[in-house]
Amino acid sequence: MFRVHAVVISVLQNAVLRMVPCVRISKNLACCRRAVGGVRWKSSHGLAPLLTASPVRALIDEKISIKGSFLPPHCAVTLCARMHSEDGDLWESFAHFNTKADGTFHLTRDDSVGGSYLGCDPMGLFWGLQPAPGEREGLRLRKKSVETPYVVRISLMEGHVSPREDQSTELAALTTERWYMAPGVRRIEIRQNGLVGTLFLPPGRGPFPAMLDLWGIGGGLVEYRSALFASRGYASLSLAYFGHKDLPGPQNQMNVGDSYFKTAFQLLQDHHQVCANRIGIIGTSFGVYLTLQLATQTGVKPSCLICINGPVGNGFRHQEADSDGMDGRVLSSVKYWTCDDQGNVSFKIFSSPENMIPESKVKVEDVACPLMYIEGMDDLSFSSKENVDLIKETLDTVGKSHLFTHLSYPGAGHLIEPPYAPNTRMSLWRVKPNKLFVQWGGHHAQHAAAQADSWKKILDFMEKHLR
């Protein structure tokens, strides 16, 4: 879709590089000496260092192949990745490599021996991105506008250095684009029948299988997963239900009920470019409860359900907001909150099935379609294990175990998202009436592996049950 391969780029760059004066090459390489294993090195090539990527423009879930060439043999180099979020915050990562005897290194072949990740991982620079020193505390990287890409600049540095060592020499650089929305995907704002959402349609006439996309109680309208589904051939409706200016106020309360979500499902069913009998629902965090609740409503017959780290019931008590404007339902759950030594909050006890409002628990035994539950075993936010165990036990009891798929990932946290996005172990959740930071969990390398594997299995699951 986006593929701009390095073959053409390499030809053009080499043509330009051959025009670079020999003095520059000598200055950058031939006269430059470093010790690697006690051996001095200098370039024997007549070309300046070259950094290539293929493709340079790609969807966020596609791998990029990055390679360095025309370097001295067995020398130390560093790759640095830098990008700015839509809020202007700088994110960066880096990795140390040693070139081969032919003066090359390749991220799909060679190990990073230091930096943001270790070992051979072609996408380590991307999932390894973290806020640069001095940036705001508690940042989480989430795409706001899917109609623009993340622009990542990757630079090749001399020696094993960190991104902040200004004295290091930049040998080459390139820029890559990471997209959630492929060319031809249509983005349609939905403001009808009281709904607030965004519908994404793949290129072509359809009809397409579809997904209803539900996120957590963080609120707002989160579009990037839906945009990526449409880029993979599925119509997808991302639905806001809390904390959005176009929803009934006040924004700090959830003011929509079961009929709201049923209306959204029916909107997909009635759309002329959607296969009415091939619609799934995906929910993350609190969206899991909404997904299960909707799937068991009369007249709603989804083809499959995907649940990521969320509860089977609702722990919020229905109260009015307090004088500070904080949702009373959240206040009523404070007694179940726990904090780490730094005061970062966890909702694990609050989201445990034993602490939910009994009448709010979904009758999971009424689920009539295939259900996949994805669990991060280092989820520090929700009691995912206890909830998935309850789902499994309930379906086993009523003879529906054949409908259930359970994916469990050691070292993965709460925020399991599309692949190669950086994990946030803790982030700012709210600023009023006081700053509150929430624990999400996840060890970066294991979390990254879980995101890549679960995304592939999500798409396989959808292909099996929706195509």
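Remember, predicted model here, so these are calculated numbers, not experimental data.

### Description of the pairing of strand β3 (residues 50-54)
Here is step 1: For β3, the buried fraction is high: 4 of the 5 residues fall into the buried class.
Here is step 2: Relative to strand β5 (residues 65-69), β3 runs antiparallel, the two sharing 5 bridges. Across the sheet, residue L50 finds its bridge partner in β5, namely S69.

### Here's the deal with the sheet that holds β5
Here is step 1: Judged by pairing direction, the sheet is antiparallel, and its 3 strands sit side by side in the order β3-β5-β8 without closing on themselves. Of all the strands in the sheet, just β3 and β8 (105-106) have a single pairing partner and so form its edges.
Here is step 2: By the bridge criterion, 2 bridges tie β5 to β8 in an arrangement that is antiparallel. From the neighbouring strand, K67 faces β8, where its bridge partner is H106.

### What to know about the nonpolar core
Here is step 1: With 68 residues, the main nonpolar core has L79 and I154 as its most contacted residues.
Here is step 2: It is helix α9 (residues 444-466) that contributes the most residues to this core, 8 residues altogether.
Here is step 3: Listed in part, the 50 residues of the second largest apolar core include A240, M254, F265 and I279.

### Considerations on the side chain of H447
Here is step 1: Relative to the helices and strands, H447 is located in helix α9.
Here is step 2: A polar atom in the side chain of H447 sits 2.9 Å from the backbone oxygen of L415.
Here is step 3: Not counting residues within four places of it along the chain, the set of residues in contact with H447 comprises G411, A412, G413, L415, I416, N423 and G442.

### Re the confidence of the model for the protein chain
Here is step 1: On average, the protein chain scores 87 in pLDDT, and the residues at 70 or more come to 86%.
Here is step 2: Low pLDDT (under 50) marks residues 317-332, which in the prediction has 37 contacts with non-local residues, meaning those over four places away or in another chain.

### A short note on the packing of aromatic side chains
The geometry of two aromatic rings is summed up by the distance between their centres and the angle between their planes.
Here is step 1: If you walk through the whole model with that rule in mind, you get 12 aromatic pairs.
Here is step 2: Judged by centre distance (5.9 Å) and plane angle (55 degrees), the rings of Y117 and W127 are tilted. In this pair, Y117 is assigned in the loop between β8 and α3 (124-127) and W127 in helix α3, connecting sequence segments 10 residues apart.
Here is step 3: Classification of Y117 as buried rests on a relative accessible area of 4%.

### Brief notes about the packing of helix α5 (residues 258-270) against helix α6 (residues 286-295)
Helix-helix packing is characterised by the crossing angle of the two axes and by the distance between the axes.
Here is step 1: Closest axis-to-axis distance for the α5/α6 pair is 10 Å, and the angle between their directions is 75 degrees. Compared by their axis directions, α5 and α6 come out roughly perpendicular. Facing D258, F261, K262 and F265 of α5, the residues of α6 in contact are L290, Q293 and L294.
Here is step 2: Here the contact of α5 with α6 is composed, by residue class, of 4 nonpolar, 1 polar and 2 charged.

### Topic: helix α8 (residues 384-397)
Here is step 1: Look at α8: 20 Å from first C-alpha to last across 14 residues, which is about the 20 Å you get at 1.5 Å a residue.
Here is step 2: Those residues of α8 that sit buried are S384, N387, V388, I391, T394 and L395. End-on, the buried residues of α8 take up no more than an arc of 125 degrees, which puts them together on one face. Facing away from the buried side of α8 by over 90 degrees, the exposed positions are E393 and T397.
Here is step 3: Next to the buried residues of α8 lie α6, β20 (371-376) and β21 (404-409).
Here is step 4: One or two positions beyond α8, positive phi appears at G399, with a value near 75 degrees.

### Focus on the environment of Y373
Here is step 1: Tracing the chain through its elements places Y373 in strand β20.
Here is step 2: For Y373, a relative accessible area of 0% puts it in the buried group.
Here is step 3: The spatial distance from the C-alpha of Y373 to the C-alpha of K392 is 9.5 Å, given a sequence separation of 19 residues.
Here is step 4: Residues within four places of Y373 in sequence aside, it is in contact with V288, C307, N309, G310, S384, N387, V388, I391, F404, T405, H406 and L407.
Here is step 5: In this structure the side chain of Y373 is engaged in a polar contact, spanning 2.7 Å, whose partner is the backbone oxygen of G310.

### Quick look at the environment of P311
Here is step 1: By secondary structure assignment, the location of P311 is in the loop between β17 (304-308) and α7 (328-331).
Here is step 2: Distance in space between the C-alpha atoms of P311 and G287 is 8.4 Å, their sequence separation being 24 residues.
Here is step 3: When sequence neighbours within four positions are dropped, the list of residues in contact with P311 reads S285, F286, V288, Y289, L292, S351, M356, F382 and N387.

### Digging into the pairing of strand β16 (residues 274-284)
Here is step 1: Most of β16 sits inside the fold, with 8 of its 11 residues counted as buried.
Here is step 2: Alignment of strand β14 (residues 208-214) against β16, held across 6 bridges, turns out to be parallel. Each residue of the ladder has a partner; that of M211, found in β16, is G280.
Here is step 3: For the segment spanning β16, α6 and β17, crossover handedness is right-handed.

Cut-offs used in this document
- Residues numbered from 1 in each chain as written.
- Predicted model: local features only at pLDDT ≥ 70, side-chain atom pairs only at ≥ 80, totals over all residues.
- Heavy atoms only, no water.
- Buried < 20%, exposed > 50% of the residue type's maximum accessible area, 1.4 Å probe, protein only.
- Helix = DSSP H or I, 4+ residues; strand = E, 2+ residues; numbered from the N terminus.
- Pairing = 2+ DSSP bridges.
- Core = buried A, V, L, I, M, F, W, Y, C linked by side-chain atoms within 4.5 Å.
- Polar contact = N/O pair within 3.5 Å; in protein donor to acceptor, adjacent residues only side chain to side chain.
- Contact = heavy atoms within 4.5 Å.
- pLDDT = per-residue confidence, 0-100.
- Phe/Tyr/Trp six-rings, centres within 6.5 Å; stacked < 30°, edge-to-face > 60°.
- Axes fitted to C-alpha atoms, helices over the stretch in contact; angles between N-to-C directions.
- Parallel < 35°, antiparallel > 145°, perpendicular 65-115°, else oblique.
- Nonpolar A, V, L, I, M, F, W, Y, C, P; charged D, E, K, R; others polar.
- Expected span 1.5 Å × (residues − 1).
- Arc of directions from axis to C-beta.
- Right-handed = clockwise from strand over helix to strand, strands pointing away.

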